[in-house]
Amino acid sequence: MLTRKQHELLMFIHERIKETGVSPSFDEMKEALDLASKSGIHRLITALEERGFIRRLAHRARALEVVKLPQQATTAAPPKGRGAFKPQVLEGGGQASAAPPAPVAADNSRELPILGRIAAGTPIDAIQHERERLPVPETMLGGGEHYVLEVQGDSMIEAGILDGDYVIIKKGDTANSGEIVVALVGEEATLKRLRKKGGSIALEAANPKYETRIFGPDQVEVQGKLVGLIRRYH
């Protein structure tokens, strides 16, 4: 039996991974559950890990995997914090469900073009032409057009995105505040979390050594948003 806060944190982690392909940072979890300090998040994560609901992934900064969900998952109230998600998991029939995705057959994948490198740090040259293709499981995708970019830099490490990772991007020119996007600024592209602040757009890093950059709405062109991540181990 989980406490209300344990349940809220588990569902927040589950929905963030389902939406973005990476686990949330401790700061995002603290904000989502409206807690005063990260120590409370550490205690909740430890409790969830001891009960077998989540697992820490080795060699990955703050990376978590949801192992199972409680039966009451669909009835819990979402966390109320400023950065909170509002969980709503829909299956093909349109009914709400919180069950983890079913395993995918090895051949149930789609080959996506790798269009080049994207900066998670100082912006680099804009997206290039296709250089190769990468098979991606269909469960990471949905409708629409997708492409892959190789991450260069460390500005998104607290969002679980590391140098050398491959990010799966759903092509589009719009995004909600708080989503991680490929943003084109002039002739340079970068991977950042987008925040809409009044008439301005902020591009936020997930690493305290990088400053948030503020632009006018006509200076930033969204090229797509993050839907998944693939990491190769050599």
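These figures come from a predicted structure and were not determined experimentally.

How should the packing of helix α1 (residues 4–20) against helix α3 (residues 38–50) be read in this particular structure?
How two helices sit against one another is set out by the angle between their axes and by the gap between those axes. Where α1 contacts α3, the two axes come as close as 10 Å, and the packing angle between them is 85°. By the angle between their axes, α1 is roughly perpendicular relative to α3. In this structure, α1 contributes K5, Q6, L9 and L10 to the contact, and α3 contributes I41, L44, I45, A47 and L48.

Honestly, α1 in this entry has me stumped. Any pointers?
Helical periodicity: at 3.6 residues per turn, an α-helix aligns residues three or four positions apart in one direction. Here α1 spans 24 Å end to end across 17 residues, near enough to the 24 Å set by a 1.5 Å rise per residue. Within α1, 12 of the 17 residues are buried, which leaves it mostly tucked inside the rest of the structure. Taken together, the buried positions of α1 are occupied by Q6, H7, E8, L9, L10, M11, F12, I13, H14, E15, R16 and T20. Of the surrounding secondary structure, the elements contacted by the buried residues of α1 are α2 (26–32), α3, β1 (54–56), β2 (64–66), β9 (188–197) and β12 (220–230). Downstream of α1 by one or two residues, G21 has phi in the positive range, about 85°.

Explanation requested: unusual backbone geometry in the structure shown.
Apart from glycine, the bulk of residues carry a negative phi angle, and the bulk of peptide bonds sit in the trans form. One non-glycine residue, D34, lies in the positive phi region at around 60°. Mapped onto the elements of the fold, D34 is located in the loop between α2 and α3. A residue is classified by how much of its surface remains accessible, and D34, at 62% relative accessible area, is exposed.

What exactly am I supposed to notice about the environment of E221 here?
By the element assignment, E221 lies in strand β12. Between the C-alpha atom of E221 and that of V185, which follows or precedes it by 36 residues, the distance is 6.5 Å. Beyond its immediate sequence surroundings of up to four residues, E221 is in contact with V182, A183 and L184. One polar contact links E221 to Q223, side chain to side chain, over a distance of 3.1 Å.

Looking at this structure, I do not really get the confidence of the model for the chain. What am I missing?
Should the pLDDT be low somewhere, the predicted coordinates at that spot are not to be read in detail. In the predicted model, the chain carries a mean pLDDT of 77, and 77% of its residues have values of at least 70. For the chain, per-element mean pLDDT is lowest for strand β4 (residues 124–125), which scores 52, and highest for strand β10 (residues 200–204), which scores 94. Across residues 72–106, where pLDDT falls below 50, the model places 47 contacts with residues more than four positions away in sequence or in other chains.

Please explain the pattern of salt bridges as it appears in this structure.
Between side chains of opposite charge, a pair can form as their charged atoms come close. Counted by the stated rule, this structure contains 15 salt bridges. As a salt-bridge pair, R56 and E49 come within 2.8 Å of each other at their nearest N and O atoms. Relative accessible area serves as the criterion here: at 39%, R56 is assigned to the partly exposed category. On the accessibility criterion, E49 (31% relative accessible area) is partly exposed. Of the charged contacts, one joins E204 and R195 as a salt bridge, the two residues approaching to 3.1 Å between their closest N and O atoms. Each of R4, K5 and E8 takes part in a single network of salt bridges with overlapping partners.

Rules behind the numbers
- Residues numbered from 1 in each chain as written.
- Predicted model: local features only at pLDDT ≥ 70, side-chain atom pairs only at ≥ 80, totals over all residues.
- Heavy atoms only, no water.
- Axes fitted to C-alpha atoms, helices over the stretch in contact; angles between N-to-C directions.
- Helix = DSSP H or I, 4+ residues; strand = E, 2+ residues; numbered from the N terminus.
- Parallel < 35°, antiparallel > 145°, perpendicular 65-115°, else oblique.
- Contact = heavy atoms within 4.5 Å.
- Expected span 1.5 Å × (residues − 1).
- Buried < 20%, exposed > 50% of the residue type's maximum accessible area, 1.4 Å probe, protein only.
- Polar contact = N/O pair within 3.5 Å; in protein donor to acceptor, adjacent residues only side chain to side chain.
- pLDDT = per-residue confidence, 0-100.
- Salt bridge = Lys/Arg side-chain N within 4 Å of Asp/Glu carboxyl O.

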